[in-house]
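Working through the structure, step by step
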Amino acid sequence: MTRYTVQLGYAAYYAHTEVVDADTLDEALTKAVEQANASSEWESLDDCGSTFVDAVAVGDDVDLWSDAVTQLPIPAALTERGEGPRVIVIVSGGVVQNVASDCGYARVEVRDYDTDGADLNDPNIRIDAEGRRYTLSDWSNVIPAHEGAG
């Protein structure tokens, strides 16, 4: 059995309301953030987020942030950011040329149901809930989990 040292955290939430005048929504949000950052009138919401993993390494009572320690990757579902959205692209009768996410990071699965002539031992061949075969390719743009001290 392996012993691990794991640092966990949770977010404590505070709130502050600002009223601003602006010509656009972007300008209003920028002004509100600037004013809120300068304010000392924040209030605790007495609410906490879910527990997440900050860092993990093999060993007993390890200094997780030491340069000499190798942190292990953390599954996205257990990070503060979480897994994020998953996009599934289904292809039939064509070829995917590109998949892009313009608004942040996403997990993207491309399922190509044109498997005629494909090697059935190919590890990318999957079977869906209806029993149909498809080739799976991952077009995700998700940042890898912690790969070293931050």
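Below, the structure is looked at part by part.

Counting its regular elements, the chain contains 1 helix and 8 strands. Ordered by position from N to C terminus, the α and β elements of the chain give β-β-α-β-β-β-β-β-β. Taking 15 Å as the expected radius of gyration for a compact globule of 150 residues, we find that the chain reaches 23 Å, considerably beyond that expectation. Summarising its shape, the C-alpha atoms of the chain cover approximately 65 × 55 × 30 Å along the three principal directions. The 150 residues of the chain split such that 20% are buried. Of all intrachain contacts in the chain linking residues separated by at least 6 positions in sequence, the fraction that spans at least 24 positions is 52%. Surface accessibility of the chain: about 11200 Å² in total, with carbon and sulfur atoms responsible for 48%. Distance between charge centres in the chain, computed from 9 positive and 28 negative side chains, equals 11 Å.

In this section: unusual backbone geometry. One non-glycine residue, Asp46, adopts positive backbone phi at about 50°. Of note in the backbone geometry, Asp61 takes a positive phi value of approximately 55° without being a glycine. For Asp61, the location among the structural elements is in the loop between β4 (52-58) and β5 (86-91).

Here is what the cut-offs are and how they apply
Residues numbered from 1 in each chain as written. Predicted model: local features only at pLDDT ≥ 70, side-chain atom pairs only at ≥ 80, totals over all residues. Heavy atoms only, no water. Helix = DSSP H or I, 4+ residues; strand = E, 2+ residues; numbered from the N terminus. Rg over C-alpha atoms; globule rule 2.2 N^0.38 Å. Buried < 20%, exposed > 50% of the residue type's maximum accessible area, 1.4 Å probe, protein only. Contact = heavy atoms within 4.5 Å. Areas by Shrake-Rupley, 256 points an atom, 1.4 Å probe, with all protein chains shown as cover. Lys, Arg positive; Asp, Glu negative; His and termini not counted. Charge placed at Lys NZ, Arg CZ, Asp CG, Glu CD.

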